[in-house]
Amino acid sequence: MNASPQGSRYKGIPVPRFLHTADWQIGRQYSQFSSDDALPIAEARLEAVQTIARLASEHAVDAVLVAGDVFDAQTVAERTIRKLFNAMQGFAGPWIMIPGNHDAALTESVWTQARRLGALPGNLHLALQGTLLEFPSLNFAALCAPLTQRHTYNDLTAPFDDLQTPDGMLRIGLAHGSVQGILAEDIDSANPIAPDRARRARLDYLALGDWHGCKQIDSRTWYSGTPEQDRFKGNEAGFALLVQIDAPGAEPLVTRLATGKYVWQAWQQSLSVTSDADELIAKLDAVGPRDVLHVTLTGQTDLSSQQEILLKLSHARARARSLEVDLAGLRLLPTAQDIGALKADGYLGEVIAELRDLQGTQASEEDRGVATHALGLLTTLLAERQATGAQA
Amino acid sequence: MKLLRIKVEQLRQFRQPFELSGLMPGLNLFTGPNEAGKSTVVRAIRAAFLDRHRSSSVSDLLPWGEPSAAPTVELDFELGGQLMSLRKSFLGRKRCELKVGARPLDGEEAEQHLAELLGFEFSGRGASKPEHWGIPGLLWIEQGAGQEIAESVGHATDHLRKALDQSVGEVASSQGDDIITIIRGQRDALLTSTGRPRAAYLEATNERDGLKSRLVDLDQRIAQYRQQVDELARVLSEDAAEAQSRPWETFRSQQAQAQSRVAAIEVLKGQLAADVAAVGQLKEKQKLIEAQLESFEAQQRDLKTREATLTDAHASVLTEQAASEIRAAASTKAQADYRTSNEALELSHQEDRRAGLMRSVADGLARGTNVALAISKAQTEQSLLASFKRLAHETLLSLVDMTLLRQQQAKLNELRIRREAAATRLSFDLTAGASIALGQQALTGQGEKLISGETCLSIPGVGTLKITPGGTDLAALAREEEALLALHQALLQRVGVASLDEAELRFASHRQALVDSVHAQKTFDNLAPGGLDTLREELDNQTASQLKAQAQLDQLPVPPGQPVEAIEQATAHQAVANAFLDKVTKEASAAFLALATAQTQRDAAHRERDALLILLESPERKSRQGDINQSALNTRAEHNALQARVLTRGEEVDAARLDILAQDVDRFRRSADQSERVFRERQTHVTVLKTKLEEAGAQGLEESRAEVAARADAAGKRLGELTLRAEALDLLCGMLDSKRAASTKRLQAPLQNHIHRYLQLLLPHATLDIGENLIPGFLTRVGNRGLEAGQFSEMSYGTREQMGVISRLAYADLLKEAGRPTLIIMDDALVHSDAQRLEQMKRMIFDASQRHQVLVFTCHPAAWQNVGAHAVPIAQGA
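Residues numbered from 1 in each chain as written. Chains lettered and ligands numbered in written order. Predicted model: local features only at pLDDT ≥ 70, side-chain atom pairs only at ≥ 80, totals over all residues. Heavy atoms only, no water.

**A closer look at the overall build of chain B**
Move 1: When helices and strands are tallied, chain B shows 18 helices and 20 strands.
Move 2: Among the 878 residues that make up chain B, the fraction classed as buried is 38%.
Move 3: In chain B, the proportion of contacts linking residues at least 24 apart, taken out of those at least 6 apart, comes to 71%.
Move 4: Accessible surface, chain B as shown: approximately 48,700 Å² in total, 54% of it carbon and sulfur. (Helix = DSSP H or I, 4+ residues; strand = E, 2+ residues; numbered from the N terminus. Buried < 20%, exposed > 50% of the residue type's maximum accessible area, 1.4 Å probe, protein only. Contact = heavy atoms within 4.5 Å. Areas by Shrake-Rupley, 256 points an atom, 1.4 Å probe, with all protein chains shown as cover.)

Written as structure tokens, this is what we have:
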């Protein structure tokens, strides 16, 4: 990455640079987390915008291109709207924004609301309809294809082909949707974009939004992805793209800049032998404060391993931003030794044995889950009594 | 444990030492009547073991009236293969000595040793209480306590459990019951007894549901918001389109066209109406002409009618004339007939009157004679009456005087008799010829004299004897008689008679005269009821009326020569003639009237015919008829022409459909109004929608929804956790309970077996369940209606007592197997059992006595004869 001194553009050799970002999804709530965790995770999205503003200033870009889904929904609280535009204050240059499917420029939309609130900053160039924005002083034109409906089934970038711009002026496209035939899940999806749009419309760069991972389509076409990860899909999220175009027609130089705060991971661990548990424990020991984790445990464990894993999970939860655990698929199989240690004589022993066997039967998943939980409750109770008894 | 000897001293009724020795190792039967001391022996055994020798709460052991006594019990027994001897004294001398084989133990040490061996405890202080009695409390059945078992089992539970554990060789679970309590507590914190959520679980459910419904509500509002956004877009585009096209203006010009068409048709319609009116007028005119022509014809017809009427009237007059003449003749004849009948009637009346008058004359004559006769008889009777009345007057003597006279006479007689009775009686019988003088009176012969006053009796030759009667009132009587006599004489004199007899005679004559005068008066009254004058007046009247009738008779005309019709017949004839005359007269006048009418009608018909004839024949009339005929022709032609034009114009108006044209006008006007209104309303709608959307946008609906969704998810997660926990706890509870029950059942099997063994002897095929607390619970047996089951506590007293004994025998067996000492004492047990049950119970007790020493105390030796033991009588002071 070639860092350029600020304002280089006005000092002789102009090197056009842009910061490409999209899918801020401001206003998103994280229902899967406890409120302790959900709030900071939501806040992180605004922090990402601040980071982008800071990076834009640092890299002295000509403009920030925001390719849609700035807001997660059309109706968000006034405070949220104001917070967002406040977060953009770190970059005083032009912000070029188009609405995406979440914040489409409908007759009444989050944008009309923001306008009524007077929250739109002066350096924001908001394209609420398909339009060409010319920046002669910066020698580029932005070809904007905002969504004006939640879903369209025709390619809104098609008009780019016929939009004329002065010779020698960079043609930068902004669009939000699915590049046809490229993304696996895009078959028949709404808001289609032709994969060769950049070539056909003679664009120097086409900044795309909608795909939350950072993805290159061709040399001039990129999805920046969301700047702050928001799901457990490991798809390269958490970046903004620094785009440098040395001259009209030149192939752009695209660099990833990290913007994300939290790292989202989903672990699937099946336990069957002791070493499995050891491996898990080792991974849990490495968990840090930027981790947003979802751990799903399956298989089976004896009582002592279970106690240890639970303890480690508890410790990891205290360190991580968020740690969600799914133990429904994990069966508890106390060994004879376990039961002996619990001093579960007489009919208590029979109950434990029966619960252990219940987990293995062809009973429904739910019934087995109940049996596991019951076994856990009983053994925990007995273990506690052992502990207090030992102390006494 | 086997008791060998019992000795008591200074204990209740056993003031002197009392000893039972040679007790059998099995069954021992002690008998004796009430108060003999059976219960005292039992009490002594209990005291020896269960009461502390230092206890001051055993004063019930003292003999009556010996507060300083020292109740003492001595027991020899074999326990655990060792011979032991216990001597315990209370109150007056507190001592406890125990010899275990050769080893002596003393005081509390001895007591504690026994307690451990037998399985009981002592109370800390005070009297020994049931909760300390342990095994003895269970196996020593006190009088009347055989059926009470729950409590005594409760006090021996630990011993029984140990015995059970020992016999089964396993334990229930050392911490199982605690765990059950904890798990159940945790379960009950989340679930109700019926398994429904409660407390935190219920709250979590409610919260999740509440959030879900809020979510639904928000979703609806968001959907509404989105729909409104779409609507706004649609409405705005419509508005723009219409502002361009302005459809209402098209409608307005269409309306104007339709209106002018309506106006043209209206004009045509006016012309048509005028034509129709003209046709109407022509029609009226035609009608008038026709009416006129018709009136001319009518007049001609009228003339003919009048001619005919006149002819008819002439004929009528002729007919009526003839009829009238006939009626007049008939009338004349009827009048003559009527006169004749009238005259005959008058003659009949005259003759009838004559006959009447003649009868009056004759009658008057006869009656006058009779009256004159009556007058003369009455006069005779009148004079007779006068003479009777005179006589009555002459012999007048009042009944008062007569009565007084009679009374005076009676009184005088009475006085005389009284005087004679009081007077001195002087009887004398004088020699013949001799005489004496009494007073002035000379007495001779025989006789008797009454001397009522001082009288001198002079006897010739002898002298004078002066006799004074002794009675004092004799003189008064004489005076009274004298006075009365004077009154009597005076009255006789006033009445005018000499004596009473004469008065009586005169009084009778008077009365006869009175009767006679009454008779005479009645006779007279019959003859002349109104008096003589009336009779005379009647005679005069008779005479006068007779004369008057005669005068009238004389004035009557001479009677006709021929016989006269009777008056009724003549009257009838006259009435017939009269009626006929009326009828004929009426007919005649009617005929006359008819004739007059006919004549009048004929004259009128004549006049009318003449008048009409003059009118019709006049020249003006003829020329007018010609004019009218011409006018009729003209009018018809005019009417036909006009009618044709009306038809043409009418068709034109109809074809134009004025109603539809008017509707067209209305339709276009409404369409214009409508489209203009829609246009304006749409603009209002836009404003409203915009406002709404701005409002909704400001509420941050979707952000709120995301928040609520997060909370709903969290609540759902928590609910899921609670559900899992509740279900797991519920599962645990169920499993723990059932495992525990199974374990308990297994553990109690030996006891159950013992009970079963005894129970079969009493109730074949019955089962008595032992509850968890080792107390008998359900008894199931074969009854009249198949299997019957009932709680121990609900059974009859007798059955409970039997079950109590059975259970105790079973407990004893269990304890024995566990190596615990057993001694069974029954003090008057099973007294409520019937003979049959008692037989079976005795079999059980005998069976039990093969393993345990059993002491049976009873006051019914006969009932226990066959129990298989020698009956030892207990007698006080024995």
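**Comments concerning the interface of chain A and chain B**
Move 1: Counting from both sides, the interface comprises 42 residues of chain A and, opposite them, 47 residues of chain B.
Move 2: Between chain A and chain B the total buried area reaches about 3,800 Å² when both faces are included, carbon and sulfur atoms providing 60% of it.
Move 3: The largest per-residue losses of area from chain A upon contact with chain B belong to T75, E108 and Y347 of chain A, which jointly make up 20% of the total buried on that side.
Move 4: The interface formed by chain A and chain B holds 6 salt bridges in total.
Move 5: Remark: the boundary between chain A and chain B carries 12 residue pairs in polar contact (both at pLDDT 80 or more).
Move 6: Listed by contribution, the elements that provide at least two residues to the side of chain A that touches chain B are α3 (110–117), α8 (346–360) and α9 (365–391) of chain A.
Move 7: Counting residues per element, the side of chain A that touches chain B draws most heavily on α9 of chain A, which supplies 12 residues. (Buried area = accessible area lost by both parts, 1.4 Å probe. Salt bridge = Lys/Arg side-chain N within 4 Å of Asp/Glu carboxyl O. Polar contact = N/O pair within 3.5 Å; in protein donor to acceptor, adjacent residues only side chain to side chain.)

**Observations regarding the nonpolar core**
Move 1: F49, F77 and M803 of chain B are the most contacted members of the largest nonpolar core, which has 94 residues in total.
Move 2: In this structure, F49 of chain B is in contact with M1, L75, F77, L86, K88, L114, L118, F120, F122 and W140 of chain B, ignoring residues within four places of it in sequence.
Move 3: A371 and L377 of chain A together with I183 and L190 of chain B belong to the second largest nonpolar core, which has 34 residues in total. (Core = buried A, V, L, I, M, F, W, Y, C linked by side-chain atoms within 4.5 Å.)

**Brief notes about the pattern of salt bridges**
Residues and elements named next belong to chain B.
Move 1: In this structure the tally under the stated criterion is 74 salt bridges over all chains.
Move 2: The salt bridge partner of K88 is E111, with a shortest N-O separation of 3.0 Å. Highlighted residues: K88 in strand β5 (residues 82–89) and E111 in helix α2 (residues 107–118), separated in sequence by 23 residues.
Move 3: When its relative accessible area of 1% is taken as the criterion, K88 is described as buried.
Move 4: You can call E111 buried: its relative accessible area is 1%.
Move 5: E238 is the salt-bridge partner of R682, the closest N and O atoms lying 3.2 Å from each other. With R682 in helix α14 (residues 658–699) and E238 in helix α6 (residues 199–245), this pair connects stretches of sequence that are 444 residues apart.
Move 6: Each of R252, D666, R669, R670, D673, E676 and R680 takes part in a single network of salt bridges with overlapping partners.

**Here's the deal with the sheet that holds strand β16 (residues 291–301) of chain A**
All names here are of chain A.
Move 1: Read across the open sheet, the 3 strands follow the order β15-β16-β17; overall the sheet is parallel. With partners counted over all chains shown, the strands left at the sheet margins are β15 (263–271) and β17 (322–332), one partner each. Ignoring which end each strand starts from, the neighbouring axes of this sheet average 5° apart.
Move 2: Where β15 meets β16, 9 bridges bridge the pair, whose relative direction is parallel. Counterpart to W264 in the pairing with β16 is V292.
Move 3: Sheet contacts for helix α5 (residues 274–285): β15 and β16; angle to β15, the most-contacted strand, approximately 165°. (Pairing = 2+ DSSP bridges. Axes fitted to C-alpha atoms, helices over the stretch in contact; angles between N-to-C directions.)

**A few points about the pairing of strand β2 (residues 18–21) of chain B**
Residue and element names in this part refer to chain B.
Move 1: Here β2 shows one buried face, formed by F18 and L20, and one open face, formed by E19 and S21.
Move 2: Judged from the 4 bridges that link them, strand β1 (residues 2–9) and β2 form a sheet pairing that is antiparallel. Residue pairing for β2: K7 is matched across the bridge by E19.

**Some remarks on the confidence of the model for chain B**
Move 1: Mean pLDDT over chain B works out to 86, with 99% of the residues at or above the 70 mark.
Move 2: Taken over the whole predicted complex, pTM reads 0.52, whereas the ipTM for its chain interfaces reads 0.74. (pLDDT = per-residue confidence, 0-100.)

**What about the confidence of the model for chain A?**
Move 1: Taken as a whole, chain A shows an average pLDDT of 87; of its residues, 94% reach a score of 70 or greater.
Move 2: The model gives residues 1–12 of chain A a pLDDT under 50, and that stretch makes 23 contacts with residues more than four places away or in other chains.

**What to know about the environment of V325 of chain A**
Residue and element names in this part refer to chain A.
Move 1: Summarising the element assignment, V325 is placed in strand β17.
Move 2: In this structure, the C-alpha to C-alpha distance between V325 and L297, residues 28 residues apart in sequence, is 7.7 Å.
Move 3: Leave out the neighbours within four places in its chain, and V325 touches V295, L313 and R317.

**Here we look at the packing of aromatic side chains**
Residues and elements named next belong to chain A.
Move 1: In the structure shown here, the tally under the stated rule is 17 aromatic pairs over all chains.
Move 2: Between F33 and W264 the ring centres are 5.3 Å apart and the planes differ by 70°, which places this aromatic pair in the edge-to-face class. Note that F33 is positioned in the loop between β1 (17–21) and α1 (35–58) and W264 in strand β15, a separation of 231 residues in sequence. W264 carries the same exposure label as F33, and that label is buried.
Move 3: The interplanar angle of 65° and the centroid separation of 6.2 Å between the aromatic rings of F71 and F85 together place this pair among those described as edge-to-face. Here F85 lies in helix α2 (residues 78–87) and F71 lies in the loop between β2 (63–67) and α2, a separation of 14 residues in the sequence.
Move 4: The class for F71 is buried, based on a relative accessible area of 0%.
Move 5: Following the ring pairs from residue to residue traces out a cluster consisting of Y30, F33, F232 and W264.
Move 6: Looking at K283, its charged tip hangs above the ring of W267, at a distance of 4.5 Å from the centre. (Phe/Tyr/Trp six-rings, centres within 6.5 Å; stacked < 30°, edge-to-face > 60°. Lys NZ or Arg CZ within 6 Å of the ring centre and 35° of its normal.)

**Regarding helix α18 (residues 835–849) of chain B**
Move 1: Here α18 of chain B is 15 residues long and its end C-alpha atoms lie 21 Å apart, about the 21 Å a rise of 1.5 Å per residue gives.
Move 2: Turning to α18 of chain B, its buried residues are R837, L838, Q840, M841, K842, M844, I845, D847, A848 and S849 of chain B. (Expected span 1.5 Å × (residues − 1).)

**Quick notes on α14 of chain B**
Move 1: Spanning 42 residues, α14 of chain B covers 60 Å between terminal C-alpha atoms, matching the ideal 62 Å at 1.5 Å per step.
Move 2: Just past α14 of chain B, the residue G700 of chain B takes up positive phi, approximately 60°.

**Description of the sheet that holds strand β19 (residues 853–858) of chain B**
Two modes of strand pairing occur in sheets, parallel and antiparallel, and in both the strands are linked by backbone hydrogen bonds.
Residues and elements named next belong to chain B.
Move 1: Across the sheet, which stays open at both edges, the 5 strands sit in the order β8-β18-β19-β3-β20 with parallel pairing between neighbours. The open sheet has two free edges, formed respectively by β8 (140–141) and β20 (871–873), since each of these has just one partner strand.
Move 2: Where helix α1 (residues 38–50) meets the sheet, its contacts fall on β3 (27–31), β8, β18 (823–827) and β19, and the angle it forms with β19 comes to roughly 140°.

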